[in-house]
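Read off the chains here:
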Amino acid sequence: MNSLLKGIVEACLVVVSSVFFLFLFVLVPFYLVFPEVEVSSDKIRFNYIFIAIITLFFYYFVERERSKKLLQTEMLRTARLQKENFQAQLENLKDQVNPHFLFNSLNVLVSLIPQDSDRATEFTRKLSELYRSFLDNSSEQLIPLHKELDIIDAYIYLLKTRFGDSVQFEMQISSEAKELQLPPGSLQVVLENAIKHNGSTRKKPLLIKIFSEENFLLVKNNLQPRLEQLESTNTGLKNIESRYSYLSEKKPVFTKTETDFVAKLPLLKVENS
């Protein structure tokens, strides 16, 4: 309805403008130069109608071409965004299926088998759950936070089995926040980033706090830089930023102080259509 009204208003403006300019630049000069010549009202009306039709024709021709170019531009933009989003999904999946994490997990499993077969069985089940979730959610744009937390439960179990008390987790998330959504794997990438860049011991454990604050999920860890220097490209965090950019105007915020690193992930509310 708005587009129809807009078209009618534009047509009226075009007609009024063409008639005004015909009168101002044609008829007025003609009467000034040839005051003795009388022009019939029928001819004047005919000229008004003729010039209005011609003007409308050229206006809508130009407008159609402009709309076509805008549509082509929008289609190209959409295609580019879809391509970039697909690439971001592939990068996210690649980040999640981290070969170093898998190799380390398998080494832990090998050491568990002769020591504690029950724990080895549970470890295998959690590892299977984690990687199955990567595949199941790789094509999803958003998932509920409670579903992401179920996946993180398996991830934390693997980390606790590997690192013991040298890595500790605290979690406090409201029930309302659990119903909001975020890009799948975002929380796991943030946790992996904390583990990757910080050392930990039983005497100086790495403490990772996961909590909700309004419509945000915050992950805070104390800074304990590793002794060995690790080359960091921040690919995982950039990937999170890229994925949010396709979904919302809200952006994740990553803050580093002298003592802590804080990741603030927006929790999105998706209306059911």
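Please refer to the structure higher up on the page.
What you see is a predicted model; the values in this text were computed from it and never measured.

Definitions and cut-offs
- Residues numbered from 1 in each chain as written.
- Predicted model: local features only at pLDDT ≥ 70, side-chain atom pairs only at ≥ 80, totals over all residues.
- Heavy atoms only, no water.
- Helix = DSSP H or I, 4+ residues; strand = E, 2+ residues; numbered from the N terminus.
- Contact = heavy atoms within 4.5 Å.
- Areas by Shrake-Rupley, 256 points an atom, 1.4 Å probe, with all protein chains shown as cover.
- Salt bridge = Lys/Arg side-chain N within 4 Å of Asp/Glu carboxyl O.
- Axes fitted to C-alpha atoms, helices over the stretch in contact; angles between N-to-C directions.
- Parallel < 35°, antiparallel > 145°, perpendicular 65-115°, else oblique.
- Left-handed = near helix turned anticlockwise from the far one by under 90°.
- Phe/Tyr/Trp six-rings, centres within 6.5 Å; stacked < 30°, edge-to-face > 60°.
- Buried < 20%, exposed > 50% of the residue type's maximum accessible area, 1.4 Å probe, protein only.
- Lys NZ or Arg CZ within 6 Å of the ring centre and 35° of its normal.
- Pairing = 2+ DSSP bridges.
- Expected span 1.5 Å × (residues − 1).
- Arc of directions from axis to C-beta.
- Polar contact = N/O pair within 3.5 Å; in protein donor to acceptor, adjacent residues only side chain to side chain.

Some thoughts on the overall build of the protein
Thought 1: Counting its regular elements, the protein contains 8 helices and 7 strands.
Thought 2: Taking as baseline every contact in the protein between residues at least 6 positions apart, the subset at least 24 positions apart corresponds to 72%.
Thought 3: Total accessible area computed for the protein in this model is approximately 17,900 Å², and 59% of it derives from carbon and sulfur atoms.

A word on the pattern of salt bridges
Thought 1: Under the definition given, this model contains 3 salt bridges.
Thought 2: Note that Glu-129 and Arg-125 form a salt bridge whose closest N and O atoms lie 2.4 Å from each other. Residue Glu-129 and its partner Arg-125 are both found in helix H4 (residues 117-137); the two are separated by 4 residues, about one turn of the helix.
Thought 3: Three or more residues joined by partner-sharing salt bridges are found here, namely Glu-122, Arg-125 and Glu-129.

Section: the packing of helix H5 (residues 145-163) against helix H7 (residues 186-197)
Thought 1: It is at 9 Å that the axes of H5 and H7 come closest, and there the two elements cross at 20°. Our classification of the angle between H5 and H7 gives roughly parallel. As for how H5 packs across H7, the hand of that crossing is right-handed. Across the interface between the two elements, Glu-148, Leu-149, Ile-152, Tyr-155, Leu-159 and Phe-163 of H5 pack against Ser-186, Leu-187, Gln-188, Leu-191, Glu-192 and Ile-195 of H7.

A look at the packing of aromatic side chains
Thought 1: Counted under the stated rule, the structure contains 1 aromatic pair.
Thought 2: For the ring pair Phe-254 and Phe-261, a centre distance of 6.5 Å and an interplane angle of 15° mean the geometry is stacked.
Thought 3: Using a relative accessible area of 21% as the deciding quantity, one classes Phe-254 as partly exposed.
Thought 4: For the cation-ring pair, Lys-126 lies above Tyr-157, with the distance from its terminal atom to the ring centre recorded as 5.7 Å.
Thought 5: Just above the ring of Phe-216 sits the side chain of Lys-264; from NZ or CZ to the centre is 4.6 Å.

Here we look at the sheet that holds strand E4 (residues 206-213)
Thought 1: Pairing in this open sheet of 5 strands is mixed, and the strands run E2-E4-E5-E7-E6 from one edge to the other. One side of each edge strand has no neighbouring strand; the edge strands of this open sheet are strand E2 (167-172) and strand E6 (253-256). Geometrically, the sheet is characterised by an average inter-axis angle of 15° between neighbouring strands, direction not taken into account.
Thought 2: The pairing of E4 with strand E5 (residues 216-222) spans 6 bridges and is classified as antiparallel. Residue pairing across strands places Phe-211 opposite Leu-218, the latter belonging to E5.

Here's the deal with H4
Thought 1: The terminal C-alpha atoms of H4 lie 30 Å apart, and with 21 residues this matches the ideal 30 Å at 1.5 Å per residue to within 8%.
Thought 2: Within H4, burial applies to Ala-120, Phe-123, Lys-126, Leu-127, Leu-130, Tyr-131, Ser-133, Phe-134 and Asn-137. Viewed along the axis of H4, the buried residues span an arc of 155°, placing them on a single side of the element. Exposed positions of H4 whose direction lies more than 90 degrees from the buried face are Asp-118, Thr-121 and Leu-135.
Thought 3: The N-terminus of H4 is capped by Asp-116, whose side-chain oxygen sits 3.2 Å from the backbone nitrogen of Asp-118.

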